[in-house]
Amino acid sequence: MIHLPVSIGPEGGYSEAVPLHPPVTAVSRILIVSDAWEPQVNGVVTTLKSLVRYLRRQHTVELLTPDQFGQIPTFYPHLHLAVPYGVEARIASFRPDRIFIATEGPLGLAARWYCVREGIPFVTSYTTRWPEYFHAHLKFPPVSLGYRYMRWFHAASQATMVATPSLRDELSSRGFGNLVLWSRGVDLDRFRPLPADEKNRLFPALPRPFYLYVGRVSQEKNLDAFLSLDLPGTKIVVGDGPYREELMRRYPGAVFTGSRRGAELALTYASCDVFVFPSVTDTFGLVMLEALASGLPVAAFDVTGPRDVIRPDAGVGFLAPPGADLRIQALQAWDAVRNDPSLSAACRRYAADFSWDAGVSRLLEHLPLIEWEADTIPLSCLERTA
């Protein structure tokens with residue numbers, strides 16, 4: 001693996017001296033393998049759906065996702081583990097030019113196993129802190145054992161795509177190699193500000209300001225750090241998860257809308273005033289970009305994810321030291337909304353720097369070309385699926 005010097009540019013973007021592979025200009029057959037897909041609602045699914053939409057403008061894209069296989073339910077709503085029977089044959093029959101394994105679950109593991117056995121190069125991504133999440137919910141396995149599996153999984157890839165410099169440095173300190181920066185993009189057509197005279201039509205009876213959270217409603221999202229704050233106005237939580245019923249009982253003054261998608265989600269963002277992101281475990285936080293594109297400033301902790309998305313000199317976000325509370329930053333964001341009529345436009349301009357065109361090009365630069373040796377499915381695959 002060739003390691004290239006990576007730096008943060010003057011506008012907060014990432015730059016490399018030379019791409020790992022030549023730019024992909026011809027039409028390619030690209031396979032994306034993911035254990036995260038609809039009906040799950042999370043940043044990984046949103047990112048992959050946007051990636052597929054952009055890739056299909058020029059390339060042929062095939063997906064291997066849980067909805068195509070038998071499934072086993074889990075403790076988490078809408079999260080089912082795929083039974084990966086037939087993954088080998090699906091890959092071999094599609095004969096992709098490039099393979100992107102996006103997750104480390106059963107489908108990703110089956111695809112990895114097949115590619116390693118057949119000598120097929122592939123690229124992976126690290127998007128979720130599964131060692132911490134499993135330990136938080138199940139108290140097993142130990143976090144150290146979880147990271148041992150993750151290191152093993154990603155070690156076989158040509159490159160492991162990560163969203164931010166902070167995450168890259170953190171994983172490097174844990175023994176991961178072949179780390180490449182791959183920033184996310186935001187859908188600027190869907191997420192946009194509302195005119196001031198339309199912002200009250202969604203929640204006309206609630207007192208302003210509206211402090212918004214969007215994401216999974218689960219323990220690892222640190223929602224108590226948001227909902228326990230003494231703030232004027234209304235706290236609004238969009239999303240679902242195993243912690244929702246408990247939080248609704250403990251914080252009856254907050255508004256819990258459940259999951260929202262598409263135009264309804266975009267309208268909810270644009271109807272609010274400040275976005276609060278209390279998580280200290282997310283690897284990126286795509287919802288922050290969606291909020292900024294909708295004209296909302298962000299209050300968050302100065303940890304991996306927020307510190308990479310929000311530049312301190314940009315005036316569109318306010319970061320609290322880890323271990324503090326977010327009240328001061330949330331109030332600072334609201335004061336900025338009231339006192340600066342141009343803030344909404346500044347937030348949107350800032351979000352526009354995160355382009356999906358650039359993100360897709362960067363991923364394609366690092367996807368190695370597969371050279372199939374014959375026009376038939378490998379004999380070993382046929383024997384196993386007969």
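For the structure, check the block above.
In what follows, the accompanying structure is described. (Residues numbered from 1 in each chain as written. Predicted model: local features only at pLDDT ≥ 70, side-chain atom pairs only at ≥ 80, totals over all residues. Heavy atoms only, no water.)

**Things to note about the pattern of salt bridges**
In step 1: One pass over the full model with this rule turns up 18 salt bridges.
In step 2: Note that Arg244 and Asp240 form a salt bridge whose closest N and O atoms lie 3.8 Å from each other.
In step 3: Residue Arg244 is classed as buried on the basis of its relative accessible area, which comes to 17%.
In step 4: On the accessibility criterion, Asp240 (29% relative accessible area) is partly exposed.
In step 5: In this structure, Arg260 engages Glu264 in a salt bridge whose closest nitrogen and oxygen atoms are separated by 3.5 Å. (Salt bridge = Lys/Arg side-chain N within 4 Å of Asp/Glu carboxyl O. Buried < 20%, exposed > 50% of the residue type's maximum accessible area, 1.4 Å probe, protein only.)

**Some points on the nonpolar core**
In step 1: Membership of the largest hydrophobic core comes to 61 residues, with the highest contact counts inside it found for Leu212, Leu227, Tyr269, Phe275 and Leu292.
In step 2: Broken down by element, this core gets its largest block of residues, seven residues, from helix α10 (residues 286-293).
In step 3: Val61, Leu63, Val180 and Leu364 belong to the second-largest nonpolar core, a separate cluster that totals 25 residues. (Core = buried A, V, L, I, M, F, W, Y, C linked by side-chain atoms within 4.5 Å. Helix = DSSP H or I, 4+ residues; strand = E, 2+ residues; numbered from the N terminus.)

**Quick notes on the packing of helix α2 (residues 87-94) against helix α3 (residues 106-118)**
In step 1: Contact geometry of α2 with α3 gives a least axis separation of 9 Å together with a crossing angle of 60 degrees. Classified by the angle their axes make, α2 and α3 are oblique. For the element pair α2 and α3, the recorded crossing hand is right-handed. Only Leu107, Ala110, Ala111, Trp113, Tyr114 and Arg117 of α3 make contact with α2, whose side of the interface consists of Val87, Glu88, Ile91 and Ala92. (Axes fitted to C-alpha atoms, helices over the stretch in contact; angles between N-to-C directions. Parallel < 35°, antiparallel > 145°, perpendicular 65-115°, else oblique. Left-handed = near helix turned anticlockwise from the far one by under 90°. Contact = heavy atoms within 4.5 Å.)

**Concerning the sheet that holds strand β14 (residues 274-277)**
In step 1: With parallel pairing, the six strands of this open sheet are ordered in space as β13-β12-β11-β14-β15-β16. Each end of this open sheet is capped by a strand with a single partner; those strands are β13 (255-258) and β16 (317-320). Each strand of the sheet is rotated relative to its neighbour by a mean of 25 degrees, with strand direction disregarded.
In step 2: Pairing of strand β11 (residues 210-214) with β14, which is carried by two bridges, proceeds in the parallel orientation. Residue pairing for β14: Tyr211 is matched across the bridge by Val274.
In step 3: Across the sheet, helix α9 (residues 262-271) touches β11, β12 (234-238) and β14, and the angle it forms with β11 is around 145 degrees.
In step 4: Packing against the sheet, α10 makes contact with β11, β14 and β15 (298-301), and its axis sits at approximately 175 degrees to β14. (Pairing = 2+ DSSP bridges.)

**What about the packing of aromatic side chains?**
In step 1: One pass over the structure, following the stated rule, counts eleven aromatic pairs.
In step 2: One aromatic cluster is present, formed by Tyr54, Phe100, Trp182 and Trp356 through successive ring pairs.
In step 3: Geometry around Phe210 places Arg208 over its ring, the cationic atom sitting 4.0 Å from the centre. (Phe/Tyr/Trp six-rings, centres within 6.5 Å; stacked < 30°, edge-to-face > 60°. Lys NZ or Arg CZ within 6 Å of the ring centre and 35° of its normal.)

**Description of unusual backbone geometry**
In step 1: Here the amide bond leading from Glu38 into Pro39 is cis, since omega sits at 15 degrees, within 30 degrees of zero.
In step 2: Considering the arrangement of structural elements, one finds Pro39 in the loop between β3 (29-33) and α1 (43-55).
In step 3: Cis geometry is adopted by the peptide bond preceding Pro209, which originates at Arg208 and carries an omega value of 5 degrees.
In step 4: Residue placement: Pro209 occurs in the loop between β10 (179-181) and β11.
In step 5: Even without being glycine, Asn178 reaches a positive phi, approximately 55 degrees.
In step 6: Within the secondary structure, Asn178 is located in the loop between α6 (165-173) and β10.
In step 7: For Asn222, which is not a glycine, the phi torsion comes out positive at approximately 60 degrees.

**Regarding the environment of Asp308**
In step 1: In this fold, Asp308 is placed in helix α11 (residues 306-309).
In step 2: Between the alpha carbons of Asp308 and Ala163 there is a distance of 8.8 Å; along the sequence they are 145 residues apart.
In step 3: Other than its neighbours up to four places away in sequence, Asp308 contacts Thr164, Pro165 and Ser166.
In step 4: At a separation of 3.2 Å, a polar atom in the side chain of Asp308 contacts the side chain of Thr164. (Polar contact = N/O pair within 3.5 Å; in protein donor to acceptor, adjacent residues only side chain to side chain.)

**Some details on the environment of Leu319**
In step 1: Mapped onto the fold, Leu319 is located in strand β16.
In step 2: Counting along the chain gives ten residues from Leu319 to Gln329, while the straight-line C-alpha distance between them is 6.5 Å.
In step 3: Excluding anything up to four places from it in sequence, Leu319 contacts Ala300, Phe301, Asp302, Pro306, Arg307, Ile310 and Gln329.

**Remarks on the packing of α1 against helix α14 (residues 356-366)**
Between two packed helices, what matters for the description is the angle formed by their axes and the separation of those axes.
In step 1: Their axes nearest at 10 Å, the elements α1 and α14 cross at an angle of 85 degrees. With respect to their mutual orientation, α1 and α14 come out roughly perpendicular. Listed contacts from α14 to Thr47, Ser50, Leu51, Tyr54 and Leu55 of α1 are Trp356, Asp357, Val360, Leu363 and Leu364.
In step 2: In terms of residue class, the contact of α1 with α14 is built from seven nonpolar, two polar and one charged. (Nonpolar A, V, L, I, M, F, W, Y, C, P; charged D, E, K, R; others polar.)

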